[in-house]
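Coordinates in review
Chain residues, written in single-letter form:
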Amino acid sequence: MSSDTTRQQTATADDQITRIILEAREQAYQETDHEPEPGLTAKVEWPVTCTVGPGLEGAIACESKIGYVNGSKGWLIYRGYDIFDLCAYSSYEEVAFLLLHGRLPKAREFDAFKTTLFRRMYIPETQRLLLSFPVQDMNPMAALRLGTNLMRQKQTYRDRQLEEERGRLIATDEDSIPMETRPTGKRRPVFQFISSMLRRGAAPEPDVLVGSDEIASCYNLIAGVASIAATIGRVREGRIPIEPAPDLSFAGNYLYMLTGRRPTPLEERVMDVCLILHADHGMNASTFASMVVASTLSDIYLAIGSGISALSGPLHGGANVEVIKMLDEIGSPGAVSKWYRAAQEEKKKVMGFGHRVYKAYDPRARILGPLAKLLAAESGHASKLYATAVALEKEVVASLGEKKKIFPNVDFYSGIVYECMQIPAELYTTIFAVSRVAGWCARVIEYLANNRIFRPRAIYTGSFNEEYVPVEKR
Ligand code: SDX
């Protein structure tokens, strides 16, 4: 395809997606402008008084400048920027920089940051180590967590000191891993060792940003988790890893390294928006898990590994996979009412609905819904999923919207978008993790600046003064 045609297609995709996002923003503002102004946004004098429910509902754990979720308005803000604007005008790389460094990058910094992320997506040693495990039979999130441990083995700055003392901890035959770089047009894989572009001694690492081992580890994780997630998808298909392509964006390279084909401009732009939407979300369970581990001064690789573990649960990041199973089980829009009546009788929680903080429509679902509609029009199965989802949303919101403030959340439409990109459902939560690493890292780095180990209390409702009876007398 000529570069002019690609440029034209990219411009068309950009305009189409930006228009969808700005329309969603207008609708959100119209529907929620009457809502009260944000709460929980003024500086506090510690200790603070808060009403805490089970699961730490309502508890205030710390102050943060990184992101804000206004549940009543259905607002999501990263470092003061509205999520609709970031999706319309920014990119995942720029949002990751914003979350981590607290400001939008200047042009030179942004080029350096994109270069460093690209270079750090190239982790042949970690991929080779990963291939020595039965990844194809593992839960993808368990494999992703394993991958971060293998990255840690090689790249944790503390281990690097150890490595220097004891010699290299693991073989460094990084040239040993054959890389399948699918040539344009040819059908047979070309095994290519480290590409000249990346061979050691290539363009030096831009040091304009890093500044500390912790930030370097964050860059490694933001880039490396995407490569590991793509590798897991490849191995589950019985294929070997692909190295990143220097001319693709972060989102484009994730798709390329996962599928083995260069994404269309529309797919690349939609994946980029999905990564922006999932990047940070306040003190959600997986972010909190990462912060708790980091607060013990464990290292950031192990902290991010705990975030991956927490995210994998179906009540959190695993809901997107459950939504597709649920929509397939319902089968068609006409079957929704019967299914929903049965679900209500069984007091079943409808996957993709409800939220601890949002008591309004999740702004992320406001964008993912129209994106799912756009992409689903091209695919029979996806268009049936989308039609069923719309019918289900109508039923659930009619019965629980006003009464319990239950609306679609980020997971309700994301799976349909990924289904349209032919991504297997079991990988959906790994995509959530690929994006959220930026938020996890940013919040860990911010909290460590004024660290205090997390240590809540439990109300003891057990007994006292029990008398010990030796086992022979029990
Ligand atoms: C994510 O925290 C974050 O920010 C998370 C996240 C992020 O970006 O990190 O936004 C990502 O995790 C989105 C949520 C994905 N999970 C799901 O879609 C699973 C289904 N949702 C529910 O499990 C639930 O809504 C939670 C877990 C999301 C929130 O649960 P809460 O705040 O603990 O609410 P709850 O279980 O106490 O329910 C309160 C009431 C109950 O009714 P009553 O007992 O008071 O009569 O609301 C009902 C619940 O039965 N309810 C639902 C429901 N969710 C809550 N009823 C039907 N279907 C649902 N989905």
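First, a word on what this report is: a plain description of the structure on this page. Remember, it's a predicted structure, so these values are computed and weren't measured experimentally. (Residues numbered from 1 in each chain as written. Predicted model: local features only at pLDDT ≥ 70, side-chain atom pairs only at ≥ 80, totals over all residues. Heavy atoms only, no water.)

Description of the overall build of the protein chain
Assigned secondary structure in the protein chain consists of 18 helices and 5 strands. Relative to all contacts within the protein chain whose residues are 6 or more apart in sequence, the contacts with residues 24 or more apart total 75%. By element, 54% of the accessible surface of the protein chain is carried by carbon and sulfur atoms, the whole surface being about 22900 Å². (Helix = DSSP H or I, 4+ residues; strand = E, 2+ residues; numbered from the N terminus. Contact = heavy atoms within 4.5 Å. Areas by Shrake-Rupley, 256 points an atom, 1.4 Å probe, with all protein chains shown as cover.)

Things to note about the site of the ligand
The environment of the ligand is formed by 23 residues, the closest being His281, Lys349, His355, Arg364 and Arg436. A distance of 2.9 Å is found between an oxygen atom of the ligand and a side-chain nitrogen or oxygen belonging to His316. A distance of 2.8 Å separates an oxygen atom of the ligand from a polar atom in the side chain of Lys404. Relative to its free-state accessible area of 1100 Å², the ligand is covered by the protein chains to the extent of 72%. Contributions of two or more residues to the shell around the ligand are made by helix H16 (380–404) and helix H18 (428–449). Considered class by class, the residues forming the shell around the ligand number 9 nonpolar, 7 polar and 7 charged. (Near = heavy atom within 4 Å. Polar contact = N/O pair within 3.5 Å; in protein donor to acceptor, adjacent residues only side chain to side chain. Nonpolar A, V, L, I, M, F, W, Y, C, P; charged D, E, K, R; others polar.)

Topic: the pairing of strand S2 (residues 75–78)
Relative to S2, strand S1 (residues 67–70) is paired through 4 bridges, and the arrangement is antiparallel. Paired with Tyr68 across the strands is Ile77, a residue of S2. Between S1 and S2, which pair antiparallel and follow one another directly, the connecting turn spans 4 residues, one of which, Gly74, has a positive phi of 70°. As paired elements, S2 and strand S3 (residues 81–82) share 2 bridges and run antiparallel to each other. Its bridge partner lying in S3, Tyr78 is registered against Tyr81. In sequence, S2 turns back onto S3 through a hairpin of 2 residues, with Arg79 there showing a positive phi of about 50°. (Pairing = 2+ DSSP bridges.)

Remarks on empty space enclosed by the protein
Under the criterion given, the structure shown has 1 cavity of 30 Å³ or more. Its boundaries defined by the atoms lining it, the largest cavity holds a volume of some 30 Å³. Residue lining of the largest cavity: Leu255, Thr259, Arg261, Pro263, Glu267 and Met421, and that is the complete set. Residues that form the lining of the largest cavity fall into these classes: 3 nonpolar, 1 polar and 2 charged. (1 Å grid on protein atoms, 1.4 Å probe; cavity = no way out; pocket = protein on both sides within 12 Å on 5 of 7 lines; lining within 4 Å. Points joined across faces, edges and corners; volume = space filled by probe spheres on them.)

Observations concerning the pattern of salt bridges
Tallied over the entire structure, the rule returns 16 salt bridges. Here Asp280 and Arg443 are joined by a salt bridge, their closest N and O atoms 2.7 Å apart. Of the two residues, Asp280 is situated in the loop between helix H10 (265–277) and helix H11 (285–295) and Arg443 in helix H18; the sequence distance between them amounts to 163 residues. Classification of Asp280 as buried rests on a relative accessible area of 0%. Note on Arg443: relative accessible area 3%, which makes it buried. A cluster of three or more residues bridged by salt bridges with shared partners is formed by Arg25, Glu26 and Asp85. (Salt bridge = Lys/Arg side-chain N within 4 Å of Asp/Glu carboxyl O. Buried < 20%, exposed > 50% of the residue type's maximum accessible area, 1.4 Å probe, protein only.)

Re the side chain of Arg436
As for its placement among the helices and strands, Arg436 is situated in helix H18. No salt bridge is formed by the buried Arg436; its nearest oppositely charged neighbour, Asp280, is found at 5.6 Å. Looking at Arg436, its side chain comes within polar contact range of the side chain of Asn284, at 3.3 Å. If we skip the residues at most four places from it in the chain, Arg436 touches His278, Ala279, Asp280, His281, Asn284, Ser286, Thr287 and Arg364. (Lys, Arg positive; Asp, Glu negative; His and termini not counted.)

What to know about the packing of helix H15 (residues 363–376) against H16
Working note: a packed helix pair is described by the angle between its axes plus the distance between those axes. Axis separation between H15 and H16 bottoms out at 8 Å; the angle between their running directions is 145°. You can see that H15 and H16 cross each other, and the crossing is left-handed. When H15 is examined against H16, the residues Gly369, Ala372, Lys373 and Ala376 are found in contact with a partner set consisting of Ala382, Ser383 and Tyr386. Partitioning the contact of H15 with H16 into residue classes produces 4 nonpolar, 2 polar and 1 charged. (Axes fitted to C-alpha atoms, helices over the stretch in contact; angles between N-to-C directions. Left-handed = near helix turned anticlockwise from the far one by under 90°.)

Observations regarding H18
The terminal C-alpha atoms of H18 lie 33 Å apart, and with 22 residues this matches the ideal 32 Å at 1.5 Å per residue to within 8%. The largest bend in H18 amounts to roughly 40° and is located at Arg436. (Expected span 1.5 Å × (residues − 1). Bend = angle between axes of the 7 residues up to and from the residue.)

Quick notes on the packing of aromatic side chains
Evaluated as defined, the whole model comprises 11 aromatic pairs. Consider the rings of Tyr460 and Phe464, whose centres lie 5.1 Å apart with planes at 75°: the pair is edge-to-face. Neither residue differs from the other here; Tyr460 and Phe464 are each classed as exposed. Each residue in the set Phe353, Tyr386, Phe412 and Tyr413 is aromatic and connected to the rest through ring pairs, giving one cluster. A cation over a ring is seen here: Lys114 above Phe110, with NZ or CZ 4.2 Å from the ring centre. (Phe/Tyr/Trp six-rings, centres within 6.5 Å; stacked < 30°, edge-to-face > 60°. Lys NZ or Arg CZ within 6 Å of the ring centre and 35° of its normal.)

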